[in-house]
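What follows is the residue order along each chain.
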Amino acid sequence: MGATGIVACTAAVLADKGLGAEDKKKLNGAIAATSLINAGLFATNSTMQNDVKPAMRAMNIATNLGIGAYALKEALGK
């Protein structure tokens, strides 16, 4: 999952450089939705609760909530 995240972040940074203001809002909205869904998945899914170490699970939830909140702020405007 870490490698997938690195590729996704790199793609988002590169896409952000060539986008207009409205497209940046859409990109940030997609990032926010994805991050918040991932946080919810790690918080509520029984597989994540039983098979993922608690510290890794908590770190994933916190990181995704932070990224989701920041991207949502950017999507809605400063």
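Remember, it's a predicted structure, so these values are computed and weren't measured experimentally. Sequence order sets the numbering: in each chain, residues are counted from 1 along the sequence as written. This being a predicted model, a pLDDT of at least 70 is required before a residue's local features are given, and a value of 80 or more before pairs of side-chain atoms are given or counted; all residues contribute to the totals for chains, interfaces and linings. Note: side-chain values were computed over all heavy atoms of the structure, leaving out hydrogens and water.

**What about the packing of helix α2 (residues 21–44) against helix α4 (residues 54–76)?**
Thinking step 1. Two numbers describe how α2 lies on α4: the axes approach to 7 Å, and their chain directions differ by 155°. As the angle between them shows, α2 and α4 are arranged roughly antiparallel. α2 and α4 meet at a crossing whose hand is left-handed. For the pair formed by α2 and α4, the contact residues are K25, N28, G29, I31, A32, S35, L36, N38, A39, F42 and A43 on the first element and R57, N60, I61, N64, L65, I67, G68, A71, L72, E74 and A75 on the second. Here, axes are lines fitted to C-alpha atoms. For helices the fit covers the stretch in contact, and angles between N-to-C directions go from 0 to 180 degrees. Segments assigned H or I by DSSP are reported as helices when at least four residues long, segments assigned E as strands when at least two residues long, and all are numbered from the N terminus. Geometric relationships in this document are graded by angle, where less than 35 degrees denotes roughly parallel, more than 145 denotes roughly antiparallel, 65 to 115 denotes roughly perpendicular, and other angles denote oblique. Two helices cross in a left-handed way if the nearer one is turned anticlockwise from the farther one by less than a right angle. They cross in a right-handed way if the turn is clockwise. Contacts are residue-level and defined by heavy atoms, with any inter-residue pair within 4.5 Å sufficient.

**Here we look at the pattern of salt bridges**
Thinking step 1. Whenever a carboxyl oxygen of Asp or Glu lies within 4 Å of a side-chain nitrogen of Lys or Arg, that contact is scored as a salt bridge. In the structure shown here, the tally under the stated rule is one salt bridge.
Thinking step 2. With a shortest N-O distance of 3.1 Å, E74 and K73 are connected by a salt bridge.
Thinking step 3. Exposure classes here rest on a 1.4 Å probe applied to the protein chains alone. A residue is buried below 20% of its type maximum, exposed above 50%, and partly exposed in between. What makes E74 buried here is its relative accessible area of 17%.

**Regarding the confidence of the model for the chain**
Interpretation of this model should avoid reading the predicted coordinates in detail wherever pLDDT is low.
Thinking step 1. Per-residue confidence for the chain gives a mean pLDDT of 84; residues scoring 70 or more make up 91%.
Thinking step 2. Per-element confidence in the chain ranges from a low mean pLDDT of 71 for helix α1 (residues 2–17) to a high of 90 for α4. pLDDT is a residue-level measure of predictor confidence that goes from 0 to 100.

**A closer look at the environment of L27**
Thinking step 1. Examined against the element boundaries, L27 turns out to sit in helix α2.
Thinking step 2. Here L27 falls in the partly exposed class, since its relative accessible area comes to 21%.
Thinking step 3. Sequence-wise, L27 and A15 are 12 residues apart; in three dimensions their C-alpha atoms are separated by 8.5 Å.
Thinking step 4. Filtering out sequence-adjacent residues up to four positions away, L27 remains in contact with A12, A15, D16 and L19.

**Quick look at the layout of surface pockets**
Thinking step 1. Lining residues are those with an atom within 4 Å of a point, where the points come from a 1 Å grid over the protein atoms alone and group into cavities, where a 1.4 Å probe fits but cannot get out, or pockets, open sets with protein on both sides within 12 Å along at least five of seven lines. Grid points are joined across faces, edges and corners, and a volume is the space filled by probe spheres set on the points. Estimates place the volume of the second largest pocket at around 150 Å³.
Thinking step 2. Around the second largest pocket, the lining residues are A21, K24, K25, N28, I31, I67, Y70, A71 and E74.
Thinking step 3. For the lining of the second largest pocket, the secondary-structure elements that each account for two or more residues are α2 and α4.
Thinking step 4. Any residue outside Ala, Val, Leu, Ile, Met, Phe, Trp, Tyr, Cys, Pro, Asp, Glu, Lys and Arg is labelled polar, Gly included; the first ten of those are nonpolar and the last four are charged. Considering only residue class, the lining of the second largest pocket consists of five nonpolar, one polar and three charged.

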